[in-house]
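A closer look at the structure
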Amino acid sequence: RQSSTPLVQAWLGISCCAMGYSKSRSRSRGGRGSGGGDERDRIQSMVDEREKLRQARDFDRADKIRDELRDMGVYIDDTGLKWRGRDGIEGDVGGGSG
């Protein structure tokens, strides 16, 4: 049953994907299945390294890691101390250190 117009469906598809949601009904999250955990671990390691560099006031190197993460589709919220990547994978800034 389709009750919405194609324009509404297109908008919903774009906005859902822009927010990191899939249009499929699958409820699986990133970090599960083939290689997802490895990607999450790699991102968490990079986020943790960036945080250490920021604390050491090495902002040039921290910014380079931030840019790499951004290119990988990872958003870092330094105020909320959270990060979020593609396919719903997420973690805490400093989350790998206790």
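Anything mentioned here points back to the structure above.
The paragraphs below set out a description of the structure included in this document.

Definitions and cut-offs
- Residues numbered from 1 in each chain as written.
- Predicted model: local features only at pLDDT ≥ 70, side-chain atom pairs only at ≥ 80, totals over all residues.
- Heavy atoms only, no water.
- Helix = DSSP H or I, 4+ residues; strand = E, 2+ residues; numbered from the N terminus.
- Buried < 20%, exposed > 50% of the residue type's maximum accessible area, 1.4 Å probe, protein only.
- Contact = heavy atoms within 4.5 Å.
- Areas by Shrake-Rupley, 256 points an atom, 1.4 Å probe, with all protein chains shown as cover.
- Core = buried A, V, L, I, M, F, W, Y, C linked by side-chain atoms within 4.5 Å.

**Regarding the overall build of the protein**
- In terms of helices and strands, the protein carries three helices and three strands.
- Starting at the N terminus and ending at the C terminus, the protein contains elements arranged as α-α-α-β-β-β.
- Every one of the 98 residues in the protein was classed for burial, and the buried ones make up 23%.
- Summarising the internal contacts of the protein: among those between residues at least 6 apart in sequence, 46% fall at separations of at least 24.
- Accessible surface, the protein: about 7,500 Å² in total, of which carbon and sulfur atoms supply 48%.

**Some points on the side chain of R50**
- Position of R50 relative to the elements: it lies in helix α2 (residues 36–55).
- A residue is classified by how much of its surface remains accessible, and R50, at 4% relative accessible area, is buried.

**Re the nonpolar core**
- Counting residues in each nonpolar core, the largest one holds 13 residues, and the members touching the most others are I43, V47, L69, M72, V74, I76 and W83.
- If you list the elements that add at least two residues to this core, you get α2 and α3 (59–71).
- With four residues, the single largest contributor to this core is α2.
- Each residue touching L69, except ones within four places of it in the same chain, is listed here: I43, M46, V47, V74 and I76.

**Examining the environment of Y75**
- With respect to the helices, strands and loops of the structure, Y75 is situated in strand β1 (residues 75–77).
- Judged by its relative accessible area of 55%, Y75 is exposed.
- The spacing of Y75 and G85 is ten residues in sequence and 6.3 Å in space, taken between C-alpha atoms.
- Those residues in contact with Y75 that lie beyond four places of it in its chain are K82, W83 and R84.

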